[in-house]
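Listed here are the chains, written in short residue letters.
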Amino acid sequence: AHRIFSLQQMCGDRLILGVGAGSTEQDFVAAGRAYDTRFETFNRQLVELRELFSSGKLGETDLTPWSNVVGGPRLFLGSWGKGVVRAAEEFDGWISSARYRSDEEVCTAHRNYRDAGGQYAVVSTIGVNADTDLGELRARIQQFDEAGIDEAVFMTLGGPKPAELYAALT
């Protein structure tokens with residue numbers, strides 16, 4: 001929380017913090033964490049994080065944040081399934097991943113998010129590599145745009161440089 005307050009001090013309202021329980025078991029194995037209890041751990045730590053953001057205090061801990069960062073940054077939930085509605089009801093935004101989901105699944109989940117009152121949605125981890133057909137990528141982004149998704153985040157893996165990608169998509 002202290003590091004996030006520091007980032008918020010530098011970034012101001014531009015800072016958005018994406019949080020989630022995690023989805024890849026190997027990530028938990030590598031970190032020596034329990035995969036099976038990730039949702040319980042996430043929910044407990046989220047309560048603690050929100051308490052730290054709201055006051056700078058948790059139990060004996062007092063981070064003494066600057067007054068302009070009390071409250072913390074906007075929180076977006078990265079999730080699927082029931083978490084999509086939770087993102088709409090409890091968070092400032094929702095982050096979907098295009099890495100392991102089809103474009104249709106992303107757009108359907110986005111409709112569920114909006115139907116539940118969700119305001120801001122990001123589709124992330126759109127893979128781009130040297131073999132990516134930029135025309136097909138442009139069509140995918142157009143589909144996300146037509147669905148009402150607010151932002152797209154790319155994961156470049158040795159593909160076009162950001163300027164080339166931007167030029168091809170605008």
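Here's the deal with the overall build of the chain
For step 1, the next point in the chain: Helices and strands together make up the secondary structure of the chain, namely seven helices and seven strands.
For step 2, the next point in the chain: Reading the helices (α) and strands (β) of the chain from amino to carboxyl end gives α-β-α-α-β-β-β-α-β-α-β-α-β-α.
For step 3, the next point in the chain: Look at the contacts in the chain between residues 6 or more apart in sequence, and 62% of them connect residues 24 or more apart.
For step 4, the next point in the chain: For the chain, the accessible area works out to roughly 10500 Å², and carbon and sulfur atoms hold 50% of it.
For step 5, the next point in the chain: Averaging the positions of the 17 positive and the 24 negative side-chain charges in the chain gives two centres separated by 3 Å.

Overview of helix α3 (residues 38–55)
For step 1, the next point in the chain: Relative to the 26 Å expected for 18 residues at 1.5 Å per residue, α3 spans 26 Å between its end C-alpha atoms, a close match to the ideal helical length.
For step 2, the next point in the chain: Packing partners of the buried residues in α3 comprise α1 (2–11), β1 (16–19), α2 (25–31), β2 (57–58), β4 (74–78) and α4 (82–90).
For step 3, the next point in the chain: The first or second residue beyond α3 is Gly56, which carries a positive phi of 85 degrees.

Examining the packing of α4 against helix α5 (residues 103–115)
For step 1, the next point in the chain: Two numbers describe how α4 lies on α5: the axes approach to 8 Å, and their chain directions differ by 35 degrees. Handedness of the α4/α5 crossing: right-handed. Judged by residue contacts, Val84, Ala87 and Ala88 of α4 engage Ala109, Asn112 and Tyr113 from α5.
For step 2, the next point in the chain: By residue class, the composition of the contact of α4 with α5 is five nonpolar, one polar and no charged.

So, the sheet that holds β1
For step 1, the next point in the chain: Strand order in the open sheet made by the five strands is β1-β4-β5-β6-β7, with parallel pairing throughout. Each end of this open sheet is capped by a strand with a single partner; those strands are β1 and β7 (151–157). Put simply, the sheet's adjacent strands are angled 30 degrees from each other on average, direction ignored.
For step 2, the next point in the chain: Where β1 meets β4, four bridges bridge the pair, whose relative direction is parallel. Each bridged residue has a counterpart across the sheet, and for Val19 the counterpart in β4 is Leu77.
For step 3, the next point in the chain: Its contacts with the sheet put α3 on β1 and β4, and the angle it makes with β4 is roughly 170 degrees.
For step 4, the next point in the chain: Against the sheet, helix α6 (residues 134–147) engages β6 (121–129) and β7, with an angle of about 175 degrees to β6.

Remarks on the confidence of the model for the chain
For step 1, the next point in the chain: Across the chain, the average pLDDT comes to 94, with 100% of residues at or above 70.
For step 2, the next point in the chain: Per-element averaging of pLDDT across the chain places helix α7 (residues 162–169) at the bottom with 85 and β4 at the top with 98.

Remarks on the layout of surface pockets
For step 1, the next point in the chain: Approximately 630 Å³ is the volume found for the largest pocket.
For step 2, the next point in the chain: Taken together, 24 residues line the largest pocket, and the ones lying closest to its centre are Gly22, Ser23, Gly78, Ser79 and Trp80.
For step 3, the next point in the chain: Mapped onto the lining of the largest pocket, the elements with two or more residues apiece are α3, β4, α4, β5 (93–97) and β6.
For step 4, the next point in the chain: Counting residues per element, the lining of the largest pocket draws most heavily on α3, which supplies four residues.
For step 5, the next point in the chain: A per-class count over the lining of the largest pocket returns seven nonpolar, twelve polar and five charged.
For step 6, the next point in the chain: Approximately 420 Å³ is the volume attributed to the second largest pocket.
For step 7, the next point in the chain: Together, 17 residues line the second largest pocket, and Gly20, Ala21, Thr41, Phe42 and Gln45 are the ones closest to its centre.
For step 8, the next point in the chain: Where the lining of the second largest pocket is concerned, the elements lending two or more residues are β1 and α3.
For step 9, the next point in the chain: The element that contributes the greatest number of residues to the lining of the second largest pocket is α3, accounting for six residues.
For step 10, the next point in the chain: Residue composition of the lining of the second largest pocket, by class: ten nonpolar, five polar and two charged.

Parameters and conventions
Residues numbered from 1 in each chain as written. Predicted model: local features only at pLDDT ≥ 70, side-chain atom pairs only at ≥ 80, totals over all residues. Heavy atoms only, no water. Helix = DSSP H or I, 4+ residues; strand = E, 2+ residues; numbered from the N terminus. Contact = heavy atoms within 4.5 Å. Areas by Shrake-Rupley, 256 points an atom, 1.4 Å probe, with all protein chains shown as cover. Lys, Arg positive; Asp, Glu negative; His and termini not counted. Charge placed at Lys NZ, Arg CZ, Asp CG, Glu CD. Expected span 1.5 Å × (residues − 1). Axes fitted to C-alpha atoms, helices over the stretch in contact; angles between N-to-C directions. Left-handed = near helix turned anticlockwise from the far one by under 90°. Nonpolar A, V, L, I, M, F, W, Y, C, P; charged D, E, K, R; others polar. Pairing = 2+ DSSP bridges. pLDDT = per-residue confidence, 0-100. 1 Å grid on protein atoms, 1.4 Å probe; cavity = no way out; pocket = protein on both sides within 12 Å on 5 of 7 lines; lining within 4 Å. Points joined across faces, edges and corners; volume = space filled by probe spheres on them.

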